[in-house]
Amino acid sequence: MEKLKVRDLMIPVDRFPKLSNRARFYEALAALETAQKKYLSGESEQRILLIEDEEGKIVGKLSPMDLLRGLETNYSRAEAEKTLAHFGLSHVWKSIQADYHLWENPFSDLCRKAENVLVKDFDKGPTQTQSVDVDDSMAKCFHLFVMNRHDALFVFEDDRIVGLLKFSDVYKKVSETMNECRVDAMTR
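Residues numbered from 1 in each chain as written. Predicted model: local features only at pLDDT ≥ 70, side-chain atom pairs only at ≥ 80, totals over all residues. Heavy atoms only, no water.

1. Quick notes on the sheet that holds strand β4 (residues 58-62)
Convention followed: Two strands qualify as a pair provided that DSSP identifies no fewer than 2 bridges between them. Think of it this way: any DSSP run of H or I at least four residues long counts as a helix, any run of E at least two long counts as a strand, and we number them from the N terminus. Note on geometry: axes are lines fitted to C-alpha atoms, helical ones only across the stretch in contact, with angles between N-to-C directions running from 0 to 180 degrees.
The strand order across the open sheet built from three strands is β2-β3-β4, with neighbouring strands paired in mixed fashion. Each end of this open sheet is capped by a strand with a single partner; those strands are β2 (18-20) and β4. Sheet twist, expressed as the average angle between the axes of neighbouring strands with direction ignored, equals 35°. Where strand β3 (residues 49-52) lies against β4, four bridges are found, and the strand directions are antiparallel.

Put into structure tokens, the structure is as follows:
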């Protein structure tokens, strides 16, 4: 595992379905549903949708959680929950939630407003805690996965996204390695 690099386990961007960041909310919903159906039927290896800009450059990914976030547009103003929890101030989040009126509008109103929401309005792209370089060690990835609970990390090469490193693939490799260690230990 020590010699394994991100590039050894990443999945290149060309193996993922893609969606324009100019797509509207309901287009994104339909694309996610299609990706899920193709994945479950075995027609596609991936169900994660990558988001691309006008030039075809990958700028993010879209999951069902991201879509829910896009439905309640006030989340873009309330990024503080994670930071507050990190400093032991989770109780402050309740006040922020009330101040921003998160999920207080009737669901039907949120759905109606979603017609005008574009993917680029709520997809903010990868953060530093969700990004690795193709030549980074797996130790860095373990840390990012464990500390931030991401399902995938964006893989960069020369300032552009070239793939994703999925937690499920990393876990599979870790499990295989640990089982090999156990077999080796039992044969000694």
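After presenting the structure, the write-up continues.
2. Quick word on the sheet that holds strand β7 (residues 160-166)
Basically, it comes down to this: Should any heavy atoms of two residues lie within 4.5 Å, those residues are counted as being in contact.
Across the sheet, which stays open at both edges, the four strands sit in the order β1-β7-β6-β5 with mixed pairing between neighbours. This sheet does not close on itself; its edge strands, each paired only once, are β1 (11-12) and β5 (131-133). In the sheet, β1 pairs with β7 via two bridges, with the strands oriented antiparallel. Paired with P12 across the two strands is G163, which belongs to β7. The strands that helix α8 (residues 138-148) touches are β5, β6 (152-157) and β7; relative to β5, the one it contacts most, it runs at about 175°.

3. Digging into the pattern of salt bridges
Defined as follows: Note on definitions: salt bridges are taken to be side-chain nitrogens of Lys or Arg within 4 Å of carboxyl oxygens of Asp or Glu. The buried label goes to any residue with under 20% of its type's maximum accessible area, the exposed label to any with over 50%, and the partly exposed label to all in between, with areas taken from a 1.4 Å probe on protein chains only.
Under the criterion given, the structure shown has six salt bridges. Between R15 and E45 there is a salt bridge; the shortest N-O distance is 2.5 Å. Pair noted here: R15 is in the loop between β1 and β2 and E45 is in the loop between α2 (25-41) and β3, with a separation of 30 residues, a long-range link. What makes R15 partly exposed here is its relative accessible area of 40%. Between R22 and E54 there is a salt bridge; the shortest N-O distance is 3.7 Å. In this pair, R22 is assigned in the loop between β2 and α2 and E54 in the loop between β3 and β4, connecting sequence segments 32 residues apart.

4. Looking at helix α3 (residues 64-71)
The following threshold applies: For this quantity, the arc is that covered by the directions from the helix axis to the C-beta atoms.
For α3, the set of buried residues is L67, G70 and L71. Mapping the buried residues of α3 onto a view down its axis gives an arc of 105°, with all of them on the same face.

5. As for α8
Taken as a whole, α8 has its buried residues at M138, C141, L144, F145 and N148. The buried side chains of α8 occupy one side of the element, clustering within an arc of 125° when seen end-on. Opposite the packed face of α8, turned more than 90 degrees from it, sit the exposed residues A139, V146 and M147. Positive phi appears at R149, one or two residues downstream of α8, with a value of about 55°.

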